[in-house]
Amino acid sequence: MANVDAVPDDEEEVQVIPVNAVPRNIYGLRSEVVGNVQYSYNGDVVYPVENVIVFHNFLNNKQKFLRLPVDTTPLRMTMASSKKFLAVLEQNPTDGSYISVYDMSTLKKRRHLVLPEKFQEIEINAMLFTYDARAIVLMTKCAEASLLMLTLDKSSSEAECTLPSTDNDQGYECMACHPEDNALVAIAGTGVLIFLCKAETTITVSSTCKFAYNICSMYFLASDLLLMGSDDNDLILVENGDFKTHQKANTAESVHILKDQEQMDKELAKMLPSDEVLKDKRVTFVTNLRDAFVFVLFNRVFVFEKETKFEYVRTTVITLRPSEFPEEAYQIKNIAFDDVMENIIVSPTISQIYTSRLSMTEDEFYMIEDDEEKEEEEEATSYMQLYFKPLGQKLHVDGIVDVSICSWKPIVVTASKDQTVRIWNYETDEIELVRKFQVDVNLVELCCTGFMVAIGFADQLRLAQIYMEDLDIVKTFNFPRCTIVRFSNLGAYMAAGYDNCISVITALNFETVIHLKGHSGIILTLAWTKMDDTIVSGGAEGAIYQWDVHTGERLQEIVQKGTQYNTVCIGGTDPISIYAITNYGVVREFQNSELVREIALPTEMKAPLIDMCLSRSDMVMFVSNTLNDLINIHCPFSEAGGGRCRSFRFFASPIKRLKFTFDGLMLITASDAGTLGFWVLENIEGRIAIMDKDLLRCQEILIPRSILHDKIEQVKNLNLRLKQQAEEFAYQLSQNQLFDGQQLAAVHKSYCDAMEQLRALNNQSAQLHVEDMNAVTFKMTEVINEHNRKLKNLENQYGEQMLMEYQKFSNLRETMLKVRKGYEEKLQKSASTLQNTVEGLEEGYKMQLNERRELLRELIKEMQNKKAEYFEYCRQVDIESQRTLHDTKMSYENKLQDEKNSAQLWRGRAGVYRKKYELVGIEIENLLEELEILTEENTKSEKIINKGMRDIDDLQKDIADRDYVISTKEKRIQELFHRNQELDKYKLVLLHRITELKAQIEPKEYLLNDKRKKIIDMENALEDLNQANIRLEAEIESVKGKYYDTIEELRNERNRAKAARERINNMRTEIYQLGAKINFPKQMRKIVQDMYKKYVNKEPIKRSINMDKLVREEYFRQRNYIENKIKNDKEKSKHNVVKEECDAIFNENMELMREIDKLRAENNSMKEKALKKQKARNEAKLKGAKKKAVKK
């Protein structure tokens, strides 16, 4: 912002707080910016509008603004994968091209990266963050493309390289950064794929792959997998830099990573070929999500989700359906995803943002489908069909040409070059109505009540009533090239300026009160005074006139040729002040046809002014100029001229219209780029006009009678349906209660039976377990006793004892195995019994299970004790055997050598036995582990039981909730019943009123019937007249055809006559010359023969002679006469009187030629008279037919 003071030096400075305008909500979008929609980490949608970047939270409809430097144009936007950094490629006339990196948490610029001089004049084709967001990669778009990598650390190092040239010099189209190696970048274009690697400050080509595809977009699915889309509807998979598979993108059902092209072709051969015609075959915006990937085809987004580790399956297709504009305007140009990868936003060619869910459950999908109206039934598919919806409000896609407000409602109506009229509610920030026309809309003006709007077109002006969902045209005025329309402040009149004329019309009966003429140029602006008695107009010729509406008298005349006053405003009452803006940056104030004050804007703001608005209090003024400035001028102006100006740098396009809301608290701006802004005014205490508190609170709307009757019928049908639904619901509820009671009783009975069976089975298993444990204990006791008894005899019978011990151990092992096998079978039976009946166990089973655990613990302890005793016994046996051996050695030294081998053999066998005992111990440990597994299974069973109990509790809660819902619905039904009774009463009143109206209407209906009959008779007569006119037109066409044929024949006859006259004149001349040869008969004969050949054999002469009988007869008579005369001349050639006779013959021929000319002239005059008579007869017939038609 810039504050500029323009106060004279001779006045004392007065400390006045300037008015401040704060943007509340700005609605627009710069569609030319690449990547113009992004998601922030906190869910805000980021998009550029005018000269700012907006961070819009659509949940609470709050906006934050990041202002770009003055005269800066954003070219590209990209968001880091973490959603915490935003990079904007900006261009400035002074600083050139540079990249600004913004921190999303603070909305402050983190880095400012100026592009090298080489990249200043070249178009950037792609810009991406690396995955760690520590560098930005750029690729240029030209025949000799280059790659530039800029790091975001303190060193700000640069690395660049020139890319290899392609075969057709079309350059490279897309780029992708590696998800793991931040130094690896892949770029692709026409038939080529290149992998580049960054090393310090250099970038080198690591590998190149060529194939016959033109790549449009690509993305890494994994570190070694690259998914690409071509410009011919191809989806290509590349693995480790080598081509793997390809298939058509619009028909692809799945993408399998392990399959090769041969397998893919076999599967595709089984599928039916698709006959779909694609508007654009470019596969764009290939993007990898967490467990899915997406790509775009024209106006559709295809979503493939990971079904297995190696396969992606198409699950969703999201379509952007055309609505108001041609289908080409809805081609998707940018996409973005939120942080959790659940929602997608897109922006097409037009200035609008659309959103959708990436995937839905079937319940959510069917709920949405129930709410939406289906235009046509869609074929069943294996994937889900979703559609994009506008995010926020539907925006203007072209420049706004006019804005208007009213005093009764908080609404504003806008007209745009996109042929739409939209009605906004600036309190709720919602669009209430959108109407699309087939022709351009030039202006709109809202009546003070907000019930009627004037819409201007190129050839006429229309008045329309504002209904809930449409505009109804009620009156059309033939005002061509209408440039301005203004309703009066009190709503009684409407003034329309078209060409250089002003028409004042009453707003009640649409009658023209007066025409005001006096301007020599087109009308540019109109303004009413507060009491609606006078109006001020401004023309393009530089004149401002104040008119008396009732008399048409000019009260003020301000004429300054060469100055164009684009807008005028009226302030004050006596005398009124006329404020006007000029086309060279000056604001003027006039009173009594004289210039009172003039304010020239500062040099940096001085430019042609476009629009001006003045508040009702005459204390706040805003103007706009062609430099895209929004300027606040301090009001009232100082006595000596000059004033304080404040500029708000916000827009990148000219502001076409400025309006204050009726309460004076907000400013509404509309720009040439289609941006609508709502600004909150600050520091306006004491500068607001007094307003009735009930204004701007009107909520009424107009609705046609037919629609109202339909709504009433619909309400009746809904009430009837509601009663039926209530009765049906009550019946279903009673039936459900009975059925639920029966089901619950059956479940309770089966539950009790199962519990009893479980108790019996548990008791049986416990008894069996006790018996088994007693048998095992008894057998173990017997074995131990037998083992102790036999150990006593071991000293004397060591060898035999060992053999017997081994046999007993084998028997014991077999016995133990049998016991173990039986125990395992019983445990398996017990486990299977428990697994089949776990759902019905209760607290008693837990107690028995604890007892069983105690028994198992005691058994384990006993087994461990037995094991310890057995090892102790073995140790003692070893010690005793050693002692016996030692004693034997002392007493029988001679026998020791003989028994040494046998002793060693028995020691080895003892070791083997010991290992076998250890194996038995290991088997016992395994049994213990199996017991632990069984205990874990028991705990799982307990958890399942607890879960079942929780499910029972949840079901009981659900039943309670349903009871509560039923009670609330019953209350709602009672309320609706009472409301229905009230509606019935209202219906009776309306019926009584309808009968009264019918009684009033019946007499008029008879008159209407008579008039209808007359109208029918008149229509029949009119149809007969039309038939007569058609016949007359057919006759006229036939007469015209004959007339044109006659004219053509006459023209041909004239041409032939003219040609004949020329030939006759030639003949006369030659005959006259023939008289000189009268004394030379031979020469004369030769000349006559030549003349005969020359004229008689000519087809034109023959045709002319054949056409005129008299001429032909005369011709033959003359010919015979001349031939006879020649014969006579031959005979009389010897006489001297030949010359005299020839002279006489020549004279006679001359007389005959004169007679022929006279006859030809008479023939032509006769033909002309006949044509005139025929024409007169045709005209008389036409007049008679017209008179008959009029009489009918």
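Residues numbered from 1 in each chain as written. Predicted model: local features only at pLDDT ≥ 70, side-chain atom pairs only at ≥ 80, totals over all residues. Heavy atoms only, no water.

## Observations concerning the overall build of the protein
1) Next: Tallying secondary structure elements over the protein gives 10 helices and 57 strands in all.
2) Next: In the protein, which comprises 1192 residues, the share counted as buried stands at 41%.
3) Next: Counting only contacts in the protein whose residues sit at least 6 apart along the sequence, the fraction spanning at least 24 positions is 50%.
4) Next: For the protein, the computed accessible surface area is about 68,700 Å², with 52% contributed by carbon and sulfur atoms. (Helix = DSSP H or I, 4+ residues; strand = E, 2+ residues; numbered from the N terminus. Buried < 20%, exposed > 50% of the residue type's maximum accessible area, 1.4 Å probe, protein only. Contact = heavy atoms within 4.5 Å. Areas by Shrake-Rupley, 256 points an atom, 1.4 Å probe, with all protein chains shown as cover.)

## A few points about the pattern of salt bridges
1) Next: With the rule as written, the count across this model stands at 26 salt bridges.
2) Next: Between lysine 417 and aspartate 672 there is a salt bridge whose closest N-O contact spans 3.2 Å. With lysine 417 in the loop between β32 (411-416) and β33 (420-425) and aspartate 672 in the loop between β56 (666-671) and β57 (676-682), the pair connects residues that are 255 residues apart, well separated along the chain.
3) Next: A salt bridge links aspartate 629 to arginine 649; the nearest nitrogen and oxygen atoms lie 2.8 Å apart. Here the residue aspartate 629 occupies a position in strand β53 (residues 629-634), and arginine 649 occupies one in strand β54 (residues 643-649), the gap between them amounting to 20 residues.
4) Next: Taking relative accessible area as the criterion, arginine 649 reaches 28% and is therefore assigned partly exposed.
5) Next: Linked by salt bridges that have partners in common, Lys279, Glu327 and Glu328 make up one network. (Salt bridge = Lys/Arg side-chain N within 4 Å of Asp/Glu carboxyl O.)

## Section: the packing of aromatic side chains
Each aromatic ring pair is specified by the distance between its two centres and by the angle formed by the two planes.
1) Next: As enumerated under the stated definition, the model contains 23 aromatic pairs in all.
2) Next: On the basis of an interplanar angle of 75° and a centroid distance of 6.0 Å, the ring pair of tyrosine 27 and phenylalanine 678 is categorised as edge-to-face. Within this pair, whereas tyrosine 27 is found in strand β2 (residues 20-27), its partner phenylalanine 678 is found in strand β57, the two being separated by 651 residues in sequence.
3) Next: Judged by relative accessible area, which is 5%, tyrosine 27 ranks as buried.
4) Next: Judged by relative accessible area, phenylalanine 678 falls into the buried class, the value being 1%.
5) Next: Ring centres of tyrosine 545 and tryptophan 547 lie 5.7 Å apart, and the angle between their planes is 90°; this geometry places the pair in the edge-to-face category. Pair check on accessibility: tyrosine 545 and tryptophan 547 agree, each one buried.
6) Next: Among the aromatic residues, those joined into a ring-pair cluster are Phe65, Phe622, Phe648, Phe650, Phe651, Phe660 and Trp679.
7) Next: The ring of phenylalanine 477 carries the charged tip of lysine 475 above its face, separated from the ring centre by 5.7 Å.
8) Next: One residue, arginine 554, lies across the ring of tyrosine 545, its end atom 4.2 Å from the ring centre. (Phe/Tyr/Trp six-rings, centres within 6.5 Å; stacked < 30°, edge-to-face > 60°. Lys NZ or Arg CZ within 6 Å of the ring centre and 35° of its normal.)

## Overview of the sheet that holds strand β38 (residues 471-477)
1) Next: Taken in spatial order, the 4 strands line up as β35-β36-β37-β38 in an open sheet, and their pairing is antiparallel. Every other strand in the sheet has two partners, leaving β35 (443-446) and β38 as the edge strands with one partner each. In this sheet, adjacent strand axes meet at a mean angle of 25° when their direction is disregarded.
2) Next: By the bridge criterion, 5 bridges tie strand β36 (residues 452-456) to strand β37 (residues 461-466) in an arrangement that is antiparallel. Across the sheet, alanine 454 pairs through a bridge with leucine 463, a residue of β37. (Pairing = 2+ DSSP bridges. Axes fitted to C-alpha atoms, helices over the stretch in contact; angles between N-to-C directions.)

## Some words on the confidence of the model for the protein
1) Next: Per-residue pLDDT for the protein averages 81, and the proportion of residues at 70 or more is 83%.
2) Next: Under a pLDDT of 50 for its full length, residues 369-379 has, in the predicted model, 5 contacts with residues more than four places off or in other chains. (pLDDT = per-residue confidence, 0-100.)

## Some words on the sheet that holds strand β8 (residues 85-92)
The strands that make up a sheet pair up through hydrogen bonds in the backbone, lying either parallel or antiparallel.
1) Next: Pairing within the open sheet is antiparallel, and its 4 strands lie in the order β7-β8-β9-β10. For this open sheet the edge positions go to β7 (73-79) and β10 (108-114), each flanked by a neighbour on one side alone. Neighbour to neighbour, the strand axes of the sheet diverge by 25° on average, direction disregarded.
2) Next: As defined by bridge partners, strand β9 (residues 96-103) adjoins β10 across 6 bridges and the pair is classed as antiparallel. Within β10, the residue paired with serine 100 across the bridge is histidine 112.

## Let's talk about the side chain of threonine 529
1) Next: With respect to the secondary-structure elements, threonine 529 resides in the loop between β43 (523-528) and β44 (534-539).
2) Next: The class for threonine 529 is buried, based on a relative accessible area of 5%.
3) Next: Looking at threonine 529, its side chain comes within polar contact range of the side chain of aspartate 533, at 2.9 Å.
4) Next: Excluding residues within four positions of it along the chain, threonine 529 makes contact with Asn489, Thr534, Ile570 and Ile576. (Polar contact = N/O pair within 3.5 Å; in protein donor to acceptor, adjacent residues only side chain to side chain.)

## Structural notes on the nonpolar core
1) Next: Formed by 45 residues in total, the largest nonpolar core has its most connected members in Phe622 and Phe678.
2) Next: If you list the elements that add at least two residues to this core, you get β2, β4 (45-49), β5 (52-57), β31 (400-405), β52 (620-625), β55 (655-660), β56 and β57.
3) Next: Counting 23 residues, the second-largest nonpolar core is a separate cluster that includes Val294, Ala329, Ile332 and Leu386. (Core = buried A, V, L, I, M, F, W, Y, C linked by side-chain atoms within 4.5 Å.)

## What to know about the state of the cysteines
1) Next: Evaluated as defined, the whole model comprises 0 disulfides.
2) Next: For cysteine 406, which is in no disulfide, the shortest distance to another cysteine sulfur is to cysteine 448 and amounts to 8.0 Å.
3) Next: Since its relative accessible area comes to 3%, cysteine 406 is described here as buried. (Disulfide = S-S within 2.5 Å.)

## With respect to a nonpolar patch on the surface
1) Next: Taken together, Ile703, Ile707, Leu708 and Ile712 make up a surface patch of nonpolar side chains, about 280 Å² in accessible area.
2) Next: Position of leucine 708 relative to the elements: it lies in helix α3 (residues 705-792). (Patch = residues over 30% accessible without salt bridge, like charges linked within 9 Å, V, L, I, M, F, W, Y side chains within 5 Å.)

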